[in-house]
Amino acid sequence: MKGVKIIITIFLLRFPFVCFAGEGTTTANFLKFSYSARQSSLAGAYSAIGDDSNAIFSNPAGIIDAENKQLGVGFVNYLLDSKSGFISYKTQAKNSDIAFGVIGFEVDSIDKRTKDYEGIVPSEGSFNSTDMSFLFAYAKKDFASSLLDNLNAGFVFKFINSKIDSSSAQSIAFDLGFLYRYSSNINISFVLSNLGTKMKYEQESDNIPLSLKAGFLYKIDKKANIVAEVEEFIYDEKFYPSIGAEWYLKESFVLRGGYRFGYDTSNLGSMVGFAAGFGIITKEVGFNYAYVPFGDLGNINRFDIQLKF
């Protein structure tokens, strides 16, 4: 019988557990990643502390705390010859805040093979896999002041496009986020992410990674923050708690660290789950770095910049 081409996407399908997420039954797993260096260095625990334009990727209610107009840009060479990057922009509108974002993930030179009854034959070449999502966010401060003071809310609309070789699939999804200021030093967050349509490649349809997460921020003083977050991936049936901290050694220099529970340390190594980084912050520019080790798979060194206008 004439062979039919199959796509070997081991790297792409395995990346869920590599990039702050769980392996399971969903597609478009790049939506699970931590994209900003600050979020990565806090092991993903960002929904209650995010106060810049990059909050659009974690909790849209957080863009309210981003000062004035902001532009965030980041790019990284990921594991196993993959690449990812983002752009975020936040501005103020009448009685509200809006933001725009783009995230992308690419895997190069994946083997293409043919399968028949006699087994898998040698490679017939290679192809690329590309994922992108375009985001628009709207957030409002004290959106329900008649019921509860200090409760901010945000909404994200996403258009998602994924291409594997000559096959492509699309989805429309939404995020809904809340950020409650319980006191001057305590924030509580709740986020529903990736509520959307299935993506269909050829004849197969798969869910995107729907998740629920709750976060907590405790400001010890002006020089230290403690954060925590729990995230449940609904379709994947995976649960990931995270903790992190920030220490401002000087007004313009901050150290960060965190740990995300739930990884397979027996296969990925004892260091998986840990994260660390730093930030250099001025009135107009912020520079952030994150180091995320993954044992034999390698290490991720993420950089990004934040511009304030």
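All of these numbers come straight from a predicted model, not from anything done at the bench. (Residues numbered from 1 in each chain as written. Predicted model: local features only at pLDDT ≥ 70, side-chain atom pairs only at ≥ 80, totals over all residues. Heavy atoms only, no water.)

*Asks:* Tell me what's going on with the side chain of Ser-242, and back it up with residues and numbers.
*Replies:* Structurally, the position occupied by Ser-242 is in strand β14 (residues 238-250). A polar atom in the side chain of Ser-242 sits 3.0 Å from the backbone oxygen of Ala-43. For Ser-242, the side chain forms a polar contact with the side chain of Arg-260, separated by 2.9 Å. The residues contacting Ser-242, other than those within four sequence positions of it, are Ala-43, Ala-45, Val-227, Ala-228, Glu-229, Tyr-259 and Arg-260. (Helix = DSSP H or I, 4+ residues; strand = E, 2+ residues; numbered from the N terminus. Polar contact = N/O pair within 3.5 Å; in protein donor to acceptor, adjacent residues only side chain to side chain. Contact = heavy atoms within 4.5 Å.)

*Asks:* Any chance you could break down the pattern of salt bridges for me, citing the residues and the numbers?
*Replies:* Considering all chains together, one arrives at nine salt bridges under this definition. Glu-246 serves as the salt-bridge partner of Arg-38, at 2.8 Å between the closest nitrogen and oxygen. Of this pair, Arg-38 sits in helix α2 (residues 37-41) while Glu-246 sits in strand β14, placing them 208 residues apart in sequence. Assigned by exposure class, Arg-38 and Glu-246 land together as buried. The network of salt bridges with common partners includes Arg-38, Asp-51, Asp-52, Glu-246 and Arg-256. (Salt bridge = Lys/Arg side-chain N within 4 Å of Asp/Glu carboxyl O. Buried < 20%, exposed > 50% of the residue type's maximum accessible area, 1.4 Å probe, protein only.)

*Asks:* Go over the packing of aromatic side chains, please, and point to the residues and values.
*Replies:* A full pass over the atoms with the stated rule returns 19 aromatic pairs. For the pair Phe-100 and Phe-136, a centre-to-centre distance of 5.3 Å together with 50° between the ring planes defines the contact as tilted. In this pair, Phe-100 sits in strand β4 (residues 96-116) while Phe-136 sits in strand β6 (residues 126-140), placing the two residues 36 residues apart along the sequence. Take Phe-136: its relative accessible area is 33%, and that puts it in the partly exposed class. Ring geometry for Phe-143 and Phe-178: centres 5.9 Å apart, planes at 45°, overall tilted. Here Phe-143, found in the loop between β6 and β7 (151-164), pairs with Phe-178, found in strand β8 (residues 167-183); they are 35 residues apart in sequence, far enough to count as distant. When its relative accessible area of 23% is taken as the criterion, Phe-178 is described as partly exposed. Three or more aromatic residues joined by ring pairs make a cluster, and in this case those are Phe-33, Tyr-35, Phe-57, Phe-86 and Phe-105. (Phe/Tyr/Trp six-rings, centres within 6.5 Å; stacked < 30°, edge-to-face > 60°.)

*Asks:* Tell me about the environment of Asp-52, and please be specific about residues and values.
*Replies:* Mapped onto the secondary structure, Asp-52 falls in the loop between α2 and β2 (70-77). Separated by 17 residues in the primary sequence, Asp-52 and Lys-69 have C-alpha atoms spaced 9.4 Å apart. Polar side-chain contacts of Asp-52 include one of 2.9 Å to the side chain of Tyr-46. A distance of 3.0 Å separates a polar side-chain atom of Asp-52 from the backbone nitrogen of Asn-54.

*Asks:* If you had to explain the pairing of strand β15 (residues 253-260) to someone new, which residues and values would you point to?
*Replies:* Within β15, six of the eight residues are buried, which leaves the element mostly enclosed by the surrounding structure. Alignment of β14 against β15, held across eight bridges, turns out to be antiparallel. The residue bridging Glu-246 from the neighbouring strand is Arg-256, located in β15. Hairpin geometry of β14 and β15 is characterised by an intervening segment of two residues between the two adjacent antiparallel strands. Direction of pairing for β15 relative to strand β16 (residues 274-281): antiparallel, over a ladder of seven bridges. When the sheet's bridge partners are listed, Gly-257 is paired in β16 with Ala-276. (Pairing = 2+ DSSP bridges.)

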